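Residues per chain, in single letters:
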Amino acid sequence: MINNPLVYFSNQTVLLYILAGPFQGAAVYLNPRHSKRHIFGLYEDVLNPWLKSVLQDVNVVYDVGASNGYFTYGCAQAIKSQNKTAKIVSFEPGLAHGLPHLTTPATLSQYSGIEFEFIPLLVGASCNETMTSLNKIYLERPQLQNQNTLIKVDVEGAELEVLE
């Protein structure tokens, strides 16, 4: 899986594989100098046993605040490793300005059978040209309703507004 181990010593954003934890094997663009906890499966490691358990039953993931895609692709890899298919809906307002590092891994063959949707909007309690709500997204996707769903919200202090 690792073609060139020296890439893990880079100070640039490069395509890396997560080496351990519930997301092991996921391909994500990260800067190794700033992402060691991600790479070694230790990022928010207190959640690792729970994630490993819950992802066995999940086939829809909403990643609100996708940032670098660690959770998006980590969940995709964990679900794919069980020979299951899934739909991952990722929200990241920076996508409106282009974030190829977030969307490019979705094209990798290791994620075949996983459907990705990237939405370049904030998520909150109301809807406008820059913001949507989880209710609106849910109602617009009836095929995802009544599915085993995991929602991750990491939006720098605006989590309550998302939940409203």
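The numbering scheme is per chain: residues are counted from 1 as the chain's sequence reads. For this predicted model, a pLDDT threshold of at least 70 governs which residues receive local features, and a threshold of 80 or more governs which side-chain atom pairs are given and counted, while totals over whole chains, interfaces and linings are taken from all residues. Excluding hydrogens and water, the side-chain values take into account all heavy atoms of the structure.

Q: Could you clarify how one ought to interpret the overall build of the protein in this entry?
A: Assigned secondary structure in the protein consists of six helices and eight strands. With C-alpha atoms as the basis for the radius of gyration, the globule rule is written as 2.2 Å multiplied by the number of residues raised to the power 0.38. Since a compact globule built from 164 residues should have a radius of gyration of about 15 Å, the 16 Å found for the protein is in line with a globular shape. Here the C-alpha coordinates of the protein stretch approximately 45 × 35 × 30 Å along the principal axes. Across the protein, the fraction of contacts at a sequence separation of at least 24, relative to all contacts at a separation of at least 6, is 61%. Per-residue and other accessible areas follow the Shrake-Rupley method at a 1.4 Å probe size, with only the shown protein chains counted as cover for residues. Working note: accessible area of the protein is about 8,900 Å², and carbon and sulfur atoms make up 53% of it. With 10 positive and 14 negative side-chain charges, the protein shows a separation of 10 Å between the mean positions of the two kinds. Every helix listed is a DSSP run of H or I at least four residues long, and every strand listed is a run of E at least two residues long, numbered separately from the N terminus. The contact rule is simple, with two residues in contact once any of their heavy atoms fall within 4.5 Å. For the purpose of charge, His is not counted, nor are the chain termini; Lys and Arg are scored as positive and Asp and Glu as negative. A charged residue contributes its charge at one atom only: NZ of Lys, CZ of Arg, CG of Asp or CD of Glu.

Q: Sorry if this is basic, but what is going on with the sheet that holds strand S4 (residues 86–91) here?
A: Two modes of strand pairing occur in sheets, parallel and antiparallel, and in both the strands are linked by backbone hydrogen bonds. Each pair of strands is called paired provided DSSP finds at least two bridges between the two strands. Strand order in the open sheet formed by four strands is S5-S4-S3-S8, and the pairing between neighbours is parallel. What marks the edges here is a single partner per strand, and that holds for strand S5 (114–119) and strand S8 (149–153). Between one strand and the next, the sheet's axes are offset by a mean angle of 10°, whatever the strand orientation. Comment: axis = line fitted to C-alpha atoms, over the contacting stretch for helices; angle = value between 0 and 180 degrees taken between N-to-C directions. Set on the sheet, helix H3 (residues 70–80) makes contact with strand S3 (60–64), S4, S5 and S8; between it and S5 the angle comes to about 165°.

Q: I tried to follow the packing of aromatic side chains on my own but got confused; where do I start?
A: Working definition: an aromatic ring pair is given by the centre-to-centre distance plus the angle between the planes. Pairing of aromatic side chains here covers Phe, Tyr and the six-membered ring of Trp, requires ring centres within 6.5 Å, and sorts the geometry by plane angle: under 30 degrees stacked, over 60 edge-to-face, intermediate tilted. One pass over the structure, following the stated rule, counts seven aromatic pairs. Look at tyrosine 43 and tyrosine 70: their rings are 5.7 Å apart centre to centre, the planes differ by 85°, and that puts the pair in the edge-to-face class. Of this pair, tyrosine 43 sits in the loop between helix H1 (36–39) and helix H2 (48–54) while tyrosine 70 sits in helix H3; the two residues are 27 residues apart in sequence, bridging distant segments of the chain. Exposed residues in this analysis have more than 50% of their type's maximum accessible area, buried residues have under 20%, and partly exposed residues fall in between, with area computed by a 1.4 Å probe over protein chains only. Residue tyrosine 43 is classed as partly exposed on the basis of its relative accessible area of 30%. Ring centres of tyrosine 111 and phenylalanine 116 lie 5.7 Å apart, and the angle between their planes is 85°; this geometry places the pair in the edge-to-face category. Each member of the aromatic cluster is reached from another via a ring pair, and the members are Phe23, Tyr43, Tyr70 and Phe71.

Q: When you look at the pattern of salt bridges in this model, what are you seeing that I'm missing?
A: Pairing of side chains with opposite charge becomes possible as their charged atoms draw close. The rule for a salt bridge is simple: a side-chain nitrogen of Lys or Arg has to be within 4 Å of a carboxyl oxygen of Asp or Glu. Tallied over the entire structure, the rule returns seven salt bridges. Between aspartate 63 and lysine 152 there is a salt bridge; the shortest N-O distance is 2.6 Å. In this pair, aspartate 63 sits in strand S3 while lysine 152 sits in strand S8, placing the two residues 89 residues apart along the sequence. In this structure, arginine 141 engages glutamate 140 in a salt bridge whose closest nitrogen and oxygen atoms are separated by 3.3 Å. For arginine 141, a relative accessible area of 10% puts it in the buried group.

Q: How do you make sense of the nonpolar core when you look at a structure like this?
A: Most often, soluble globular proteins keep nonpolar side chains buried together rather than apart. Nine residue types can take part in a nonpolar core, namely buried Ala, Val, Leu, Ile, Met, Phe, Trp, Tyr and Cys, and a core is a set of them joined through side-chain atoms within 4.5 Å. The biggest cluster of nonpolar side chains holds 31 residues, and the ones touching the most others in it are Phe23, Leu55, Val61, Cys75 and Leu150. For this core, the secondary structure elements donating two or more residues are strand S1 (14–17), strand S2 (27–30), H3, S4 and S5. It is H3 that provides the largest number of residues to this core, a total of seven residues. In this view, valine 61 contacts Phe71, Cys75, Ile79, Lys87, Ile88, Val89 and Leu150; residues no more than four positions away in its chain are not counted. If you look at the next biggest cluster of nonpolar residues, it comprises twelve residues, including Val64, Val89, Ile137 and Val155.

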